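Examining the three-dimensional arrangement
Below are the chains, spelled out letter by letter.
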Amino acid sequence: MHYVIGSGPAGVACAKALLARGAQVVMLDAGLELEPERAEIVRQLAASQPAEWTAADRALLRGAVKIGAAGLPTKLVFGSDYPYAATEENIPRTEHGTGLCPSLALGGLSNAWGAAMLPHRDEDIADWPVKNAELERHYRAVLAFTGLAAQRDDLEELFPLHCENPQGLQGSRQAELLLGNLQRHRTALRNRGWWVGRARVAVRAADTPRGAGCNRCGLCMTGCPYGCIYNSADTVRELRAQKNFSYQRDVIVTRLRENSGNVRVEGFHRRTREPLLFEADRAYLAAGVVPTAQILLRSQDAYDQPLRLRDSQYFLFPIVMGRRTPDVRSEALYTLSQIFIELNRPDISPHTVHLQIYTYSDLIGAAAQKTLGVFKFLAPQLEDRLLIVQGFMHSNDSQQIELKLQHEGARDRLHAAVVPNPKARNVVNRVMREMLGQARRLGGLVLPPMLQFEKPGRGYHSGGSLPMRAQPGKFESDVLGRPHGWSNVHVVDASVLPSIPGTTITFSVMANAHRIGWETA
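Everything in this summary refers to the structure shown in the same document. (Residues numbered from 1 in each chain as written. Predicted model: local features only at pLDDT ≥ 70, side-chain atom pairs only at ≥ 80, totals over all residues. Heavy atoms only, no water.)

The subject of this paragraph is the overall build of the chain. Tallying secondary structure elements over the chain gives 14 helices and 22 strands in all. Relative to its length of 521 residues, the chain is compact, with a C-alpha radius of gyration of 22 Å against a globular reference of 24 Å. Accessible surface computed for the chain: about 20300 Å², of which carbon and sulfur atoms make up 49%. Mean positive and mean negative side-chain charge positions of the chain (60 and 52 charges, respectively) differ by 4 Å. (Helix = DSSP H or I, 4+ residues; strand = E, 2+ residues; numbered from the N terminus. Rg over C-alpha atoms; globule rule 2.2 N^0.38 Å. Areas by Shrake-Rupley, 256 points an atom, 1.4 Å probe, with all protein chains shown as cover. Lys, Arg positive; Asp, Glu negative; His and termini not counted. Charge placed at Lys NZ, Arg CZ, Asp CG, Glu CD.)

What follows is the structure in structure tokens.
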């Protein structure tokens, strides 16, 4: 029996591979879900079209948009924080300047992710013992159940699509304006190391047997009532129809022990706190980087011993377009990332810097009002010109996080602290100078004073605490995700990625998890 711990993207990708090879799979999961009363509201509104919704209906779907002091919205799902709930009592941790946030939800952080799907370049994973040639079939296997909204463009020269005949999403008018500007200067920008294309997102763009395609209701950032954005919880529900798969919720795994070729999985029931014990032939840890670190450190009694977590740190800044796009509030549009820009400039970084462009959404509107303060009556004019850029750097250019498990009375607690890296600010400053220098070609002005440099871990693009090595040592893993000293325990989440490129994370995590499941079944 193969036990998969966690229902996030890595867990379902691993389970899909195991089942395809004929293995019997049990998935253990905490399994928190959207509150029933909110789920009922979503169900009712999903049975109608956006044109039929009232302003009150939309407000119910959005919930209360919360804006931090710096103007950065807190991302809820249908107004609920359930993807991040119940972690303190079940995964106790202390943050020292970091932004890590584990999830106990069914589907993990795929409940709230941005759905960006881009593979990595071999140049950005030079320290990985696994290359793209070995991951290609697994990228394709993943897209077979996640779907991909994408178009063939310049990005394909660096980043294969790994699927045939992709369906594209209609871009917003603001996105079309910016993309038109960039395409007019394509040659000059290519000479400067800019690779530009439409965003690739795990969204159902057209009708399929799984459901209707995106109808551009504009609520992507607060939850899609039609389920068009991929969520690994949907895959779990599909897998439960297979005879070789079973799902057990309300399980918090605390410790693993290997004994006579088997794995003892220990934990407790989330609601009753009663102890639980499972006997597995193999165990696959897909709990997310924070719970995985806790489980393995505790399993080895490795208290007060540091693990180094790598992070693709992110930053945000606005572009104010010179040309206005009127009435963005009333436009039918999807609100995930619309454009990808990949900067391959050795004078900025030896690694790819990934930029995701967002056009109008309710969150941007709320942030604009917060930023303008007493002048918020000017918000509609600003919204018609405002784009948000979210940038991600390679982990070699980013700050890192030190994880340490410590005894605290009757329980233990994971402490996370920042490991500074002076490269981080330097890379971001170089990106800002490059964007400022290309204002004419962008057709808009970057505003450096509004740059937000986020805490490491805040973007959830973290991993590498148990990096895969050809010859693993202490607190490293082999190419099958087995931590040093273990035989039948495989870590399949981002914890085993030796480094974290800037070009998104989930797609490669899923492909690697699928590979490990496939090769060990």
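From this point, the narrative continues.
A few words on the nonpolar core. Counting residues in each nonpolar core, the largest one holds 130 residues, and the members touching the most others are Leu28, Leu256, Val265, Leu336 and Leu403. With seven residues, helix 1 (residues 9-20) is the single largest residue contributor to this core. Non-local contacts of Val265, meaning those with residues more than four positions away in its chain, are made with Ile5, Leu28, Val253, Arg255, Leu256, Leu276, Leu277, Phe278 and Ala283. One finds Leu179, Ala424, Val428 and Met435 within the second-largest nonpolar core, a separate group that totals 31 residues. (Core = buried A, V, L, I, M, F, W, Y, C linked by side-chain atoms within 4.5 Å. Buried < 20%, exposed > 50% of the residue type's maximum accessible area, 1.4 Å probe, protein only. Contact = heavy atoms within 4.5 Å.)

This paragraph deals with the packing of helix 5 (residues 132-146) against helix 14 (residues 506-520). Running from amino to carboxyl end, helix 5 crosses helix 14 at an angle of 110 degrees, the nearest separation of the two axes being 8 Å. One finds that helix 5 runs roughly perpendicular with respect to helix 14. Where helix 5 approaches helix 14, its residues Glu134, Leu135, Arg137, His138, Tyr139, Ala141, Val142, Leu143, Phe145 and Thr146 are matched on the opposing element by Phe507, Ser508, Met510, Ala511, Asn512, His514, Arg515 and Trp518. Grouping the constituent residues of the contact of helix 5 with helix 14 by class yields ten nonpolar, five polar and three charged. (Axes fitted to C-alpha atoms, helices over the stretch in contact; angles between N-to-C directions. Parallel < 35°, antiparallel > 145°, perpendicular 65-115°, else oblique. Nonpolar A, V, L, I, M, F, W, Y, C, P; charged D, E, K, R; others polar.)

What follows deals with helix 9 (residues 289-299). For helix 9, a buried count of eleven out of eleven residues is recorded, marking the element as mostly surrounded by other parts of the structure. Val289, Val290, Pro291, Thr292, Ala293, Gln294, Ile295, Leu296, Leu297, Arg298 and Ser299 are the residues of helix 9 that are buried. Backbone geometry just after helix 9 places Asp301 at a positive phi near 50 degrees.

Here the focus is helix 5. If you check which residues of helix 5 are buried, you get Asn132, Leu135, His138, Tyr139, Val142, Leu143, Phe145 and Thr146. Elements in contact with the buried residues of helix 5: helix 1, helix 8 (232-239) and helix 14.

Here Gln174 shows up in helix 6 (residues 173-184). Contacts of Gln174, omitting those with residues within four sequence positions, involve Thr325, Val328, Thr359, Tyr360, Glu383, Asp384, Arg385, Leu386 and Leu387. Separated by 2.9 Å, the side chain of Gln174 and the backbone nitrogen of Tyr360 make a polar contact. (Polar contact = N/O pair within 3.5 Å; in protein donor to acceptor, adjacent residues only side chain to side chain.)

In this section: the sheet that holds strand 9 (residues 262-269). The strand order across the open sheet built from three strands is 8-9-10, with neighbouring strands paired in antiparallel fashion. Only two strands of the sheet have a single partner each, and these edge strands are strand 8 (251-259) and strand 10 (275-280). Across the sheet, the mean angle from the axis of one strand to that of its neighbour is 25 degrees, orientation sign disregarded. In this sheet, strand 10 lies alongside strand 9 in antiparallel orientation, the contact comprising six bridges. For Glu266, the partnering residue across the bridge sits in strand 10 and is Leu277. (Pairing = 2+ DSSP bridges.)

Below, the discussion takes up the sheet that holds strand 18 (residues 411-419). Judged by pairing direction, the sheet is mixed, and its five strands sit side by side in the order 5-18-17-12-21 without closing on themselves. Each edge of the sheet is formed by a strand with only one pairing partner; in this case those strands are strand 5 (93-96) and strand 21 (462-463). Here nine bridges tie strand 17 (residues 400-408) to strand 18, and the two strands are oriented antiparallel to one another. Following the sheet pairing, Glu402 is matched in strand 18 by Ala417.

Before going further, it helps to spend a moment on the state of the cysteines. A full pass over the atoms with the stated rule returns zero disulfides. Distance from the sulfur of Cys163, which forms no disulfide, to the nearest cysteine sulfur (Cys214) is 17 Å. The exposure class assigned to Cys163 is buried, which follows from its relative accessible area of 16%. (Disulfide = S-S within 2.5 Å.)

In this sheet, strand 18 lies alongside strand 5 in parallel orientation, the contact comprising four bridges. Its bridge partner lying in strand 18, Arg93 is registered against Leu414. Two successive antiparallel strands, strand 17 and strand 18, enclose a turn made up of two residues, where Gly409 displays a positive phi of approximately 70 degrees.

Where strand 8 and strand 9 come together, eight bridges link them in antiparallel fashion. Bridge pairing links Arg257 to Arg264 in strand 9. Linkage of strand 8 to strand 9, two consecutive antiparallel strands, is achieved through a turn of two residues, within which Ser260 is found at a positive phi near 55 degrees.

A few words on the packing of aromatic side chains. Counting across every chain of the model gives six aromatic pairs. Directly above the ring of Trp518 sits Arg21, whose terminal nitrogen or CZ lies 4.6 Å from the centroid. We note Arg190 situated over the ring of Trp195; from NZ or CZ to the ring centre the distance is 3.7 Å. (Phe/Tyr/Trp six-rings, centres within 6.5 Å; stacked < 30°, edge-to-face > 60°. Lys NZ or Arg CZ within 6 Å of the ring centre and 35° of its normal.)

Below, the discussion takes up the pattern of salt bridges. The tally for this structure, following the rule as stated, stands at 32 salt bridges. In this structure, Glu40 and Arg43 form a salt bridge, with 2.6 Å as the shortest nitrogen-oxygen distance. Note that Glu40 and Arg43 are positioned in helix 2 (residues 36-46) at a spacing of three residues, about one turn of the helix. Residue classification places Glu40 among the partly exposed positions, given a relative accessible area of 31%. Through salt bridges that share partners, Glu33, Asp234, Arg237 and Arg249 make up one connected network. (Salt bridge = Lys/Arg side-chain N within 4 Å of Asp/Glu carboxyl O.)

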